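In case you want the letters, here they are:
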Amino acid sequence: MAPKKPIKNTSKPEPKQEPKKQNQSGKSNELVSGHKIKSFFTDERTRFVLGIAVLLGVVFLLISFVSYFFFAYADQSKMDLSWHELQQMRSDIQNWGSVLGAILSDDLIRHGFGIASFALIYFGLVVGLRLLKVRIASVWKAFFHTSFWLIWLSVTLGYVLIPFYNNYTFSFSPGGEQGDEASKWLISYVGFPGTLMILIGSFLIYAIVSSKATIPFIKRLFTHKPQKPKNIEPELEFIEDVKTDEATVAVGTEIIPEDWIVKGNQNDEELILETNEVEDVPFEIEQPKINEENKAVDAEDSGLTDNDNEDPIYNVSKLGKYDPTLDLSHYNPPTLDLLKVYGTDNDTQIDMVEQNANKNRIITTLQNYGIEIETIKATVGPTITLYEIVPKAGVRISKIRNLEYDIMLSLAATGIRIIAPIPGKGTIGIEVPNSDPQVVSMHSIIASKKFQESKFELPVAFGRTITNEIFMVDLAKMPHLLVAGATGQGKSVGLNAIITSLLYKKHPSQLKLVLVDPKKVEFNIYGDIEKHFLAKLPDGDDAIITDTSKVVETLNSLCKEMDDRYDLLKKAHVRNIKEYNEKFVIRHLNPEKGHRFLPYIVVIVDEFGDLIMTAGKEVEMPIARIAQLARAVGIHMIIATQRPSVNIITGVIKANFPARVAFRVSSMIDSRTILDSPGANQLVGRGDMLFSQGNDLIRVQCAFVDTPEVENIVHHISNQQAYPTAFYLPEYIGAEGEGIDASSVDMSKRDPLFEEAARLIVANQQGSTSLIQRKFSIGYNRAGRIVDQLEVVGIIGPFEGSKARQVLVMDSYQLEQILKHL
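Computed from a predicted structure; not experimentally measured. (Residues numbered from 1 in each chain as written. Predicted model: local features only at pLDDT ≥ 70, side-chain atom pairs only at ≥ 80, totals over all residues. Heavy atoms only, no water.)

## As for the overall build of the protein
In step 1: What the protein contains, in helices and strands, is 30 helices and 15 strands.
In step 2: Counting all 822 residues of the protein, 47% fall into the buried class.
In step 3: Counting only contacts in the protein whose residues sit at least 6 apart along the sequence, the fraction spanning at least 24 positions is 69%. (Helix = DSSP H or I, 4+ residues; strand = E, 2+ residues; numbered from the N terminus. Buried < 20%, exposed > 50% of the residue type's maximum accessible area, 1.4 Å probe, protein only. Contact = heavy atoms within 4.5 Å.)

## Here we look at the packing of helix α6 (residues 119-131) against helix α7 (residues 139-161)
Between two packed helices, both the angle of their axes relative to each other and the distance between the axes serve to describe the pair.
In step 1: For the pair α6 and α7, interaxial distance at closest approach is 9 Å and the crossing angle is 170 degrees. As the angle between them shows, α6 and α7 are arranged roughly antiparallel. Two secondary-structure elements touch here, α6 through Ala119, Leu120, Tyr122, Phe123, Val126, Val127 and Arg130 and α7 through Val139, Ala142, Phe143, Thr146, Trp149 and Leu150.
In step 2: Taken together, the residues of the contact of α6 with α7 sort by class into eleven nonpolar, one polar and one charged. (Axes fitted to C-alpha atoms, helices over the stretch in contact; angles between N-to-C directions. Parallel < 35°, antiparallel > 145°, perpendicular 65-115°, else oblique. Nonpolar A, V, L, I, M, F, W, Y, C, P; charged D, E, K, R; others polar.)

## With respect to the sheet that holds strand β2 (residues 384-391)
In step 1: Across the sheet, which stays open at both edges, the four strands sit in the order β1-β2-β4-β3 with antiparallel pairing between neighbours. Looking at which strands have only one partner, the edges of the open sheet turn out to be β1 (373-380) and β3 (417-419). Between one strand axis and the next, the sheet turns by 20 degrees as a mean value, whatever way the strands run.
In step 2: Note that β1 and β2 share seven bridges and pair antiparallel. By the bridge assignment, Thr375 is partnered in β2 with Val390. (Pairing = 2+ DSSP bridges.)

## A look at the pattern of salt bridges
In step 1: For the structure shown, the criterion picks out 22 salt bridges.
In step 2: Lys519 is paired through a salt bridge with Glu607; the nearest N and O atoms lie 3.5 Å apart. Taken together, the positions of Lys519 in the loop between β8 (511-516) and α19 (530-533) and Glu607 in the loop between β10 (600-605) and α22 (608-615) put the pair 88 residues apart, joining distant regions of the chain.
In step 3: Note that Asp564 and Lys560 form a salt bridge whose closest N and O atoms lie 3.3 Å from each other. With Asp564 and Lys560 both in helix α20 (residues 548-572) and four residues apart, the pair spans about one turn of that helix. Lys560 matches Asp564 in its accessibility class, with the two residues each being buried. (Salt bridge = Lys/Arg side-chain N within 4 Å of Asp/Glu carboxyl O.)

## Section: the sheet that holds strand β11 (residues 635-641)
To summarise the sheet geometry, strands pair through backbone hydrogen bonds and adopt either a parallel or an antiparallel arrangement.
In step 1: What the nine strands build is an open sheet, ordered β6-β5-β14-β13-β12-β7-β11-β10-β8; its pairing is mixed. Each of the sheet's edge strands pairs with one partner strand only, and the pair in question is β6 (470-474) and β8. Mean inter-strand twist for the sheet, computed between neighbouring axes without regard to direction, equals 30 degrees.
In step 2: Contacting β8, β10 and β11, α20 runs over the sheet at an angle of about 155 degrees to β11.

## A few points about the packing of α7 against helix α8 (residues 176-210)
In step 1: The interhelical angle for the contact between α7 and α8, taken along N-to-C directions, is 140 degrees, at an axis separation of 9 Å. Here α7 lies oblique to α8, going by the angle between them. For α7 against α8, the interelement crossing comes out left-handed.
In step 2: When grouped by side-chain class, the residues that make up the contact of α7 with α8 number 15 nonpolar, nine polar and one charged. (Left-handed = near helix turned anticlockwise from the far one by under 90°.)

## Points about the nonpolar core
In step 1: Judged by nonpolar contacts, the single largest core of 111 residues is most densely connected at Phe462, Leu481, Tyr526 and Phe691.
In step 2: At nine residues, the largest contribution of residues to this core is made by α20.
In step 3: Discounting residues that sit within four places of it in the chain, Tyr526 has contacts with Asn496, Ile499, Leu503, Leu515, Leu534, Ile544, Val710 and Val714.
In step 4: Core analysis: the next-biggest nonpolar cluster, separate from the first, contains 23 residues, Met747, Ala783, Leu790 and Leu815 among them. (Core = buried A, V, L, I, M, F, W, Y, C linked by side-chain atoms within 4.5 Å.)

## What to know about the pairing of β6
In step 1: Here β6 lies mainly inside the structure; five of its five residues are buried.
In step 2: Burial along β6 is two-sided: Ile470, Met472 and Asp474 and Phe471 and Val473, pointing in opposite directions, are all buried.
In step 3: Of the pairings in the sheet, the one linking strand β5 (residues 459-465) to β6 comprises five bridges and is antiparallel in character. From the neighbouring strand, Pro459 faces β6, where its bridge partner is Asp474.

## Section: unusual backbone geometry
In step 1: Going from Met478 to Pro479, the amide bond is cis rather than trans, its omega being -5 degrees.
In step 2: With respect to the helices, strands and loops of the structure, Pro479 is situated in the loop between β6 and β7 (481-484).
In step 3: Phi at Lys520 takes a positive value of approximately 70 degrees, unusual for a residue other than glycine.
In step 4: Even without being glycine, Glu607 reaches a positive phi, approximately 55 degrees.

## Let's talk about the confidence of the model for the protein
In step 1: Averaged over all residues, the pLDDT of the protein is 77; the fraction at 70 or higher stands at 77%.
In step 2: In the predicted structure, residues 1-21 sits below a pLDDT of 50 and forms zero contacts with residues beyond four places in sequence or in another chain.
In step 3: Between residues 226-310, whose pLDDT stays under 50, and residues either more than four places distant or in other chains, the model counts 131 contacts. (pLDDT = per-residue confidence, 0-100.)

## As for a nonpolar patch on the surface
In step 1: On the surface, a nonpolar cluster with roughly 730 Å² of combined accessible area is contributed by Val59, Leu62, Ile63, Val66, Phe69, Phe70, Trp96 and Ile115.
In step 2: Structurally, the position occupied by Ile63 is in helix α3 (residues 44-76). (Patch = residues over 30% accessible without salt bridge, like charges linked within 9 Å, V, L, I, M, F, W, Y side chains within 5 Å. Areas by Shrake-Rupley, 256 points an atom, 1.4 Å probe, with all protein chains shown as cover.)

## Description of the packing of aromatic side chains
In step 1: If you walk through the whole model with that rule in mind, you get 21 aromatic pairs.
In step 2: Ring centres of Phe148 and Trp149 lie 5.5 Å apart, and the angle between their planes is 80 degrees; on these two criteria the pair is classed as edge-to-face.
In step 3: A residue is classified by how much of its surface remains accessible, and Phe148, at 13% relative accessible area, is buried.
In step 4: With centroids separated by 5.9 Å and ring planes inclined at 45 degrees, the aromatic side chains of Phe462 and Phe691 adopt a geometry described as tilted. Of the two residues, Phe462 is situated in strand β5 and Phe691 in strand β13 (residues 688-692); the sequence distance between them amounts to 229 residues.
In step 5: The class for Phe691 is buried, based on a relative accessible area of 3%.
In step 6: Site record: aromatic cluster; members linked through ring pairs are Phe144, Phe148, Trp149, Trp152, Phe203 and Tyr206.
In step 7: The residue whose ring lies beneath Lys505 is Phe451, and the NZ or CZ to ring-centre distance is 5.2 Å. (Phe/Tyr/Trp six-rings, centres within 6.5 Å; stacked < 30°, edge-to-face > 60°. Lys NZ or Arg CZ within 6 Å of the ring centre and 35° of its normal.)

## Let's talk about α6
In step 1: Its 13 residues place the ends of α6 19 Å apart at the C-alpha level, agreeing with the 18 Å of an ideal helix rising 1.5 Å per residue.
In step 2: Listing the buried residues of α6 in full gives Ala119, Ile121, Gly124, Val126, Gly128, Leu129 and Arg130. (Expected span 1.5 Å × (residues − 1).)

## Topic: the environment of Met621
In step 1: Turning to its location among the elements, Met621 is positioned in helix α23 (residues 617-629).
In step 2: Overall, Met621 belongs to the partly exposed group, its relative accessible area being 47%.

## What to know about the side chain of Lys512
In step 1: In this fold, Lys512 is placed in strand β8.
In step 2: Asp327 provides the closest opposite charge to the buried, salt-bridge-free Lys512, at an N-O distance of 9.2 Å. (Lys, Arg positive; Asp, Glu negative; His and termini not counted.)

## Observations regarding helix α5 (residues 98-113)
In step 1: With 16 residues, α5 ought to run about 22 Å at 1.5 Å a step, and its terminal C-alpha atoms sit 21 Å apart, in line with that.
In step 2: Considered for burial, the residues of α5 that qualify are Val99, Gly101, Ala102, Ser105, Asp106, Ile109, Arg110 and Gly112.
In step 3: A positive phi of about 70 degrees marks Gly114, the residue just after α5.

## Details of the pairing of β11
Two faces make up the sheet, and in a regular strand the side chains alternate between them.
In step 1: Most of β11 is tucked away, with seven of its seven residues classed as buried.
In step 2: Side chains Ile635, Met637, Ile639 and Thr641 project from β11 onto one buried face, and the interleaved His636, Ile638 and Ala640 project onto a second face that is buried too.
In step 3: Bridge analysis of β7 against β11 gives four bridges, and the strand direction is parallel. The residue of β11 that forms the bridge with Ala484 is Thr641.
In step 4: In terms of strand pairing, β10 meets β11 through five bridges, oriented parallel. Looking across to β11, one finds that Ile604 is bridged to Ile638.

Here it is, written out as structure tokens:
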């Protein structure tokens, strides 16, 4: 009997293992079937078919509703019959939708909400078009509006019209039975006055929630009309009604509309309306305190004197705070539904079997070499797991660092990275790639609370760290960024993630992009938002710069823009663009004295190595100058290259780009060129990156944004109202340009504003294209042609780089003599 016992013991585990296998196979089958169902409903063809079906249903319901008004009385006697009896009397139903249309109309209009049932047509239309990827309104907003009108209108009609329909002269009540019963219930509790107040109050709440213009409108109803100011005509002489065929205005230039000027009782209401709209802009900026000693500043230099504050036209008490977004007040930023949602968007799934196996292998490998550890802890990220170990006392850190390849061999990993020690912690880190890396979607980054509530000036969301936290930086504080990595490691996706972050957070009036793309295909997708977010040269055909010669001109033009901005900051007595714009918003800087709202300019250069090979110092020197000086005036650079060699990323570039992003590179030398330390050669690729802004390296899984997602964002922005032109950079003429060719300007075709512009230039003694552009509200090209004509006749001198042109005519008498002989 003794030998039989082990046989029985060995046979017992067998039946226990079979149910486990069956359960595992059942679970896998359920997962596969669930995935198939999900993929079926997320398939584009399924959505398209459902959208067509919904729209056809909406049309059918509309036809049935309309015909119900004509044939409700004739069909009413048949609505109380059973379904079987109705089928036999189909030919007697006069509704255009036959039996089904008559039943739906009767249930929704007579027994339901009355005329308000037509709101369901709107909701069905929005849902059907949304399934076809045609967006006319948000589905949730459409649901909110439909629900309100369905209930409020039916109750209101029941309240107002029920006394006239007590005898049921018509076949149905306009408010429907639901509206009649609800109004009777309200009247029984609060009476007729109380019900009326509830209806009015609920409508006001709906109007306030639905539209931002409701509160200013209510305020204007109780605002007294201001009296006409006296003796204001002499102060208004500088505003002229110039009728031109070109109404283009430079972006960022503020022109005071004539409607804002009080000329009589007829325009009083217009003045109040504009003032209140500006005052309600949600800007919370403290007014800077100005010492009495510093008030006496030259008016020609700053525009901060008491005379400006007493100006009856340009005054914050009259016009309110300046709103840079007012030109595109109806602009809507991209929505989250434009981005793709992946399966596990927020939660990182942890494979405990893999984690325990890796932990045991690390411990075993270290013990094989005589290294004992006290504790080990794992932090699981989207693509990387960080194992933090605490060695026992007496263990040298260099001994663990030298075991990098042995640990990699035991883990069978594609590459590991040892951080010995982790800065700020008393542990040693071993970063191991996950066997099943997860995609970090841009949707999860943009939808995060950290990004939505960010107060950064230029927020850039890269992705998630090893601890699964959102990693964001402020480009305005970096202030410039160097991106490098081998081909196919995620560099272009990283640039798209940077641009996407900025487009989701900034208004077109606050941000302009200069995109340089020598490959001609990376940034071409952003061409449709030229008039919203892009900046270019005045004579540039394409806002996406691809020609090397145009790149050099654009970079030098940015240097001129930088110098012009520093001149404005000097006149305003401020140190940076943020302080300058704050003063401009509270109208301490008069645009008639040359001041303007300054948007941030972000220059993104792809394939920087190719530019260095073709243009060399012509490209490197203006980039170095911008990197050294442009931070305070809001111009920031991002340059990317796939060849991180020392002849591309020179010492001048590295010294002025403290923030670096490194994707995977092929050698440790390239990693040291980018980050001044190894590590980038040990990354796993596919968006795995290291960020450095000093000594510490932060490992981040870059967010993935696909080309169709970028197309959706660009399409959403381009379909909205835009500026007349792109943001024009200052005109740049190289060292060889000593002026224009007089034979190229036909003086017989002088501009209609030529003489007025000449008088303006002589009166101000300032040969500036922007002065003509602002004063006459014309575009840059037309103002430039007028300046060329003024130079040919000898009123102003030739182009002198960043300086204003010299005015050669000193008084109006001499000017009139010149104009007389033309």
